[in-house]
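Okay, here's what each chain looks like letter by letter:
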Amino acid sequence: MNSTMIQFFHWYTPGESFLWDHAADQAEYLANLGITAAWLPPAYKGASGSFSTGYDPYDLFDLGEFDQKGVVPTKYGSRDQFLNACKTLQKNGIGVIVDVVLNHKGGGDEKEKFQVVKVDPEHRDRGITEPYEIESYTKFTFPGRGEKYSTFKWDFTCFTGVDHAENEDGYNIYRIINDYGDNWDEMISCEKGNFDFLMLNDLETRNPYVRGELNYWGEWFHEQCHFDGVRLDAVKHMTPDFYKEWLQVLRSNTGKNVFAVGEYWAPGDLELLERYLDAVDGSMTLFDSSLHHNLHNASEAGEVFDLRTILDNSLMMSNPTAAVTLVENHDTQPLQALEAPVAAWFKPLAYALILLRAEGYPCVFHPDLYGAKYKDTGNDGEEYEIEIMKVGCLENLLKARKDFAYGHQNVYFDDPHCIGFTRLGDEDHAGCAVIMSNQGDFTKRMEMGTDYSGKKFHDILGHVEGEIAIGEDGWAEFKCPAGSVSVWVPN
């Protein structure tokens, strides 16, 4: 069966221990749709306690078990609820992909004094002060957990930089002077001079004690929930050597070829994604931010966009086995840091492309299957209410991937406003024909092969009524409505 991932959360997923039970409740439904893996949000205690999405990690060993940061469970639930969700998903044949955030920590328990150099936020390899002493929350002692699971205590030598100093105003970035390097860690791009520092307390992975603790934690986490894969947060801000080694150790310690997908967000910059994959020796896949960039632009441009270019400069086409494709995620959804949503009218076309083509490993976004409604403040300071509607045909597109998206692929990207492709099926599955338009109604002649001669097809999405018969030569005229997509499958 084709592999299909779902990101089973979004930035505004409700709290109060909702998500882990929701995942367990939905496991059978997701399996019936053909979902084979569920990417779950960070399961450990964050600095903001019950409000934490998990991307401000405080204690990686607290899965909702200890009274820390004002709460015992995480936003998503308790340790027991999390473990039950994992077991239930796996029982239904759905692999668990855990979110791993090892770039930074937040919410230190005690202050320390140490030497720093303040740097230019736009050119972070440039110091703008001489070394001087600051005080910041870099001591992590985990008083609520004590020494259960780990005795390691974090101090300023475990970090390369911080963005907070007592008695200093404004947003500043401070590079810590330590024994593990005289500058930031090495990155593969020159963005912001050096983009090692992202936020909070930035981990110093050149410190061998830090690496040892993170390697130990990976093995410990796997022993708790037996995850099948990892989503690696903010790999753009970590030296490739770190995750290359971390994954090697994890796979060796678990005896399991753990799947890995990294978040290197570089919209429209395929060369950078390819360079990172080379730097980690192909030890992980990456989210295809280049393809997402195309999908967003196509949805914004509307009928003037040339659909023949929709897959240009995408990881999906240059390195399909290394590409995890997506239409939306928690960072690109409205009001978020990397906001670049795909417009609602275009989402059925976008999902047809990532779900039904032969290339890439598609990831479905939870709100596109379930819907979402939330409020937040925009960059202008105004509050907005956002509603993400369910993609009405997404269930049928998922079923089409599960049952029909197999075998040889014929491609018909021959019109700027109407493209199509056919999948010819295999020994166990019939094939399908996909046609989409960003202008008016269209008809396109495409080949299914003589094995289908005389057979009748219907649009599984219900966008076009009636049937189409395949000619004796294996070809047929397939239809789709204006600004939409049709997926033709055998009756």
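Residues numbered from 1 in each chain as written. Predicted model: local features only at pLDDT ≥ 70, side-chain atom pairs only at ≥ 80, totals over all residues. Heavy atoms only, no water.

In terms of regular secondary structure, the protein chain is built from ten helices and 27 strands. Relative to the compact-globule value of 23 Å for 491 residues, the protein chain shows a C-alpha radius of gyration of 24 Å, a close match. Summarising its shape, the C-alpha atoms of the protein chain cover approximately 80 × 45 × 45 Å along the three principal directions. Taken across its 491 residues, the protein chain has 59% of its residues classed as buried. When contacts within the protein chain are restricted to residue pairs at least 6 apart in sequence, long-range pairs at least 24 apart make up 69% of them. For the protein chain, the computed accessible surface area is about 19,100 Å², with 45% contributed by carbon and sulfur atoms. The centroid of the 41 positive side-chain charges in the protein chain is displaced by 3 Å from the centroid of its 79 negative side-chain charges. (Helix = DSSP H or I, 4+ residues; strand = E, 2+ residues; numbered from the N terminus. Rg over C-alpha atoms; globule rule 2.2 N^0.38 Å. Buried < 20%, exposed > 50% of the residue type's maximum accessible area, 1.4 Å probe, protein only. Contact = heavy atoms within 4.5 Å. Areas by Shrake-Rupley, 256 points an atom, 1.4 Å probe, with all protein chains shown as cover. Lys, Arg positive; Asp, Glu negative; His and termini not counted. Charge placed at Lys NZ, Arg CZ, Asp CG, Glu CD.)

Here helix 2 (residues 79-91) crosses helix 3 (residues 208-225) at 70 degrees, and the two axes come no closer than 9 Å. With respect to their mutual orientation, helix 2 and helix 3 come out roughly perpendicular. Between helix 2 and helix 3, the contacting residues are Arg79, Phe82, Leu83, Cys86 and Gln90 on the first element and Trp220, Phe221, Gln224 and Cys225 on the second. (Axes fitted to C-alpha atoms, helices over the stretch in contact; angles between N-to-C directions. Parallel < 35°, antiparallel > 145°, perpendicular 65-115°, else oblique.)

It is worth spelling out the pairing of strand 8 (residues 123-127) at this point. Across two bridges, the pairing between strand 7 (residues 110-120) and strand 8 is antiparallel. Within the sheet, the bridge partner assigned to aspartate 120 lies in strand 8 and is histidine 123. Connecting the antiparallel pair strand 7 and strand 8 is a turn made up of two residues. (Pairing = 2+ DSSP bridges.)

A few words on the pairing of strand 5 (residues 95-100). Along strand 5, six of the six residues are buried, which leaves the element largely enclosed by surrounding structure. Both faces of strand 5 are covered, namely the face carrying Gly95, Ile97 and Asp99 and the face carrying Val96, Val98 and Val100. Bridge count for strand 2 (residues 37-39) against strand 5 is three bridges, and the pairing is parallel. Across the sheet, the residue bridging to alanine 38 is valine 96, located in strand 5.

As a further point, take the sheet that holds strand 2. If you trace the eight strands once around the closed barrel, you get 1-2-5-13-14-15-16-17, paired in parallel fashion. The mean inter-strand angle of the sheet, taken between neighbouring strand axes irrespective of direction, is 25 degrees. The pairing of strand 1 (residues 5-7) with strand 2 spans three bridges and is parallel. Paired with glutamine 7 across the strands is tryptophan 39, a residue of strand 2.

The subject of this paragraph is unusual backbone geometry. Residues other than glycine seldom take positive phi values, yet glutamate 16 does so here, at roughly 55 degrees. On the secondary structure map, glutamate 16 appears in the loop between strand 1 and helix 1 (19-33). Located in the positive-phi region is serine 17, a residue other than glycine, with phi close to 60 degrees. Mapped onto the secondary structure, serine 17 falls in the loop between strand 1 and helix 1.

Another point: the nonpolar core. One finds Phe82, Phe221, Val230, Tyr243 and Trp246 to be the most contacted residues of the largest nonpolar core, which totals 129 residues. Here this core takes eight residues from helix 8 (residues 347-356), the largest share from any one element. Once residues within four sequence positions are removed from consideration, tryptophan 246 is found in contact with Val100, Leu102, Leu214, Asn215, Trp217, Gly218, Val230 and Leu232. Within the second largest apolar cluster, 15 residues are counted, among which are Ala433, Ile435, Ala476 and Trp488. (Core = buried A, V, L, I, M, F, W, Y, C linked by side-chain atoms within 4.5 Å.)

We now examine the environment of aspartate 179. Note on placement: aspartate 179 falls in the loop between strand 11 (173-176) and strand 12 (201-203). Note on aspartate 179: relative accessible area 76%, which makes it exposed. Residues aspartate 179 and phenylalanine 61, 118 residues apart in the sequence, show an inter-C-alpha distance of 27 Å.

What follows deals with the pattern of salt bridges. What the rule picks out here adds up to 25 salt bridges. Of the charged contacts in the structure, one is a salt bridge between lysine 256 and aspartate 228, with a shortest N-O distance of 3.6 Å. With a gap of 28 residues between them, lysine 256 in the loop between helix 4 (240-254) and strand 14 (259-262) and aspartate 228 in the loop between helix 3 and strand 13 (229-232) connect regions that are remote in the sequence. In this structure, lysine 444 engages aspartate 414 in a salt bridge whose closest nitrogen and oxygen atoms are separated by 2.4 Å. With lysine 444 in strand 23 (residues 442-447) and aspartate 414 in the loop between strand 20 (409-412) and strand 21 (418-423), the pair connects residues that are 30 residues apart, well separated along the chain. Of the residues examined, lysine 444 reaches a relative accessible area of 8% and is grouped as buried. Judged by relative accessible area, which is 48%, aspartate 414 ranks as partly exposed. (Salt bridge = Lys/Arg side-chain N within 4 Å of Asp/Glu carboxyl O.)

With antiparallel pairing, the six strands of this open sheet are ordered in space as 20-21-22-27-24-25. The sheet is open, and its two edges are formed by strand 20 and strand 25 (468-469), each paired on a single side. Where strand 20 meets strand 21, four bridges bridge the pair, whose relative direction is antiparallel. Looking at strand 21, one finds that asparagine 410 is bridged to threonine 422. Across the sheet, helix 8 is in contact with strand 20, strand 21, strand 22 (432-437) and strand 27 (485-490); its angle to strand 22 comes to roughly 150 degrees.

Tracing the sequence through the fold places serine 283 in the loop between helix 5 (270-279) and strand 15 (285-287). On the basis of relative accessibility, which here comes to 15%, the residue serine 283 falls in the buried class. At 2.8 Å, the side chain of serine 283 and the backbone oxygen of valine 280 are in polar contact. Apart from the residues within four sequence positions on either side, serine 283 is in contact with Lys244, Leu247, Arg251 and Ala260. (Polar contact = N/O pair within 3.5 Å; in protein donor to acceptor, adjacent residues only side chain to side chain.)

Time to look at the packing of aromatic side chains. This structure, assessed with the given rule, holds 35 aromatic pairs. Plain terms: the ring middles of tyrosine 12 and tyrosine 374 are 3.9 Å apart, the flat faces sit at 10 degrees to each other, and that makes the pair stacked. On the criterion of sequence distance, the pair formed by tyrosine 12 in the loop between strand 1 and helix 1 and tyrosine 374 in strand 18 (residues 372-377) is long-range, its members being 362 residues apart. The exposure class of tyrosine 12 is buried, given its relative accessible area of 16%. Judged by relative accessible area, tyrosine 374 falls into the buried class, the value being 6%. When the centroid spacing of 6.2 Å and the interplanar angle of 45 degrees are considered together, the rings of phenylalanine 140 and phenylalanine 142 count as tilted. Considered together, phenylalanine 140 and phenylalanine 142 belong to a single accessibility category, that of buried residues. Connected via pairs of aromatic rings, a cluster forms that spans Trp20, Tyr44, Phe61, Phe66, Tyr76, Phe82, Tyr149, Tyr216, Trp217, Trp220, Phe221 and Phe227. Sitting over the ring of tyrosine 58, lysine 69 keeps its end group 4.5 Å from the ring centre. (Phe/Tyr/Trp six-rings, centres within 6.5 Å; stacked < 30°, edge-to-face > 60°. Lys NZ or Arg CZ within 6 Å of the ring centre and 35° of its normal.)

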